[in-house]
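Structural characterization, general
Residue strings, one per chain:
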Amino acid sequence: MVVLGKKDADPRKVVRKLMKAGKVKKKCCRSKPRCKKCPVLALQRAKADIKKAA
């Protein structure tokens, strides 16, 4: 994932950074339940990572 610093404590900012880098899509396609580039799942992973790091 992304290296989290103090200024990256907001999971939405982390996902936005991943979108700009092209790692995550801008919209959820809803066609595949386990899409690796899904922004919804990326947000859930970012929240879990921040919660685990805290």
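Residues numbered from 1 in each chain as written. Predicted model: local features only at pLDDT ≥ 70, side-chain atom pairs only at ≥ 80, totals over all residues. Heavy atoms only, no water.

1. Notes on the overall build of the protein chain
The secondary structure content of the protein chain amounts to two helices and zero strands. In the protein chain, of all internal contacts separated by at least 6 residues, the share reaching a separation of at least 24 is 36%. Taken as a whole, the protein chain presents about 4600 Å² of accessible surface, with 57% of it coming from carbon and sulfur. (Helix = DSSP H or I, 4+ residues; strand = E, 2+ residues; numbered from the N terminus. Contact = heavy atoms within 4.5 Å. Areas by Shrake-Rupley, 256 points an atom, 1.4 Å probe, with all protein chains shown as cover.)

2. Some words on the nonpolar core
Of all hydrophobic cores here, the largest spans six residues; its members are Val14, Val15, Leu18, Val24, Ala42 and Ala46. Contributing elements (two or more residues each) for this core: α1 (11-21) and α2 (39-53). Looking at this core, the element that brings in the most residues is α1, giving three residues. (Core = buried A, V, L, I, M, F, W, Y, C linked by side-chain atoms within 4.5 Å. Buried < 20%, exposed > 50% of the residue type's maximum accessible area, 1.4 Å probe, protein only.)

3. Here's the deal with a positive patch on the surface
Positive charge collects at one region of the surface, where Lys13, Arg16, Lys20 and Lys26 lie side by side. Its place among the elements puts Arg16 in helix α1. (Patch = residues over 30% accessible without salt bridge, like charges linked within 9 Å, V, L, I, M, F, W, Y side chains within 5 Å. Salt bridge = Lys/Arg side-chain N within 4 Å of Asp/Glu carboxyl O. Lys, Arg positive; Asp, Glu negative; His and termini not counted. Charge placed at Lys NZ, Arg CZ, Asp CG, Glu CD.)

Coordinates in, geometry out; function isn't part of it.
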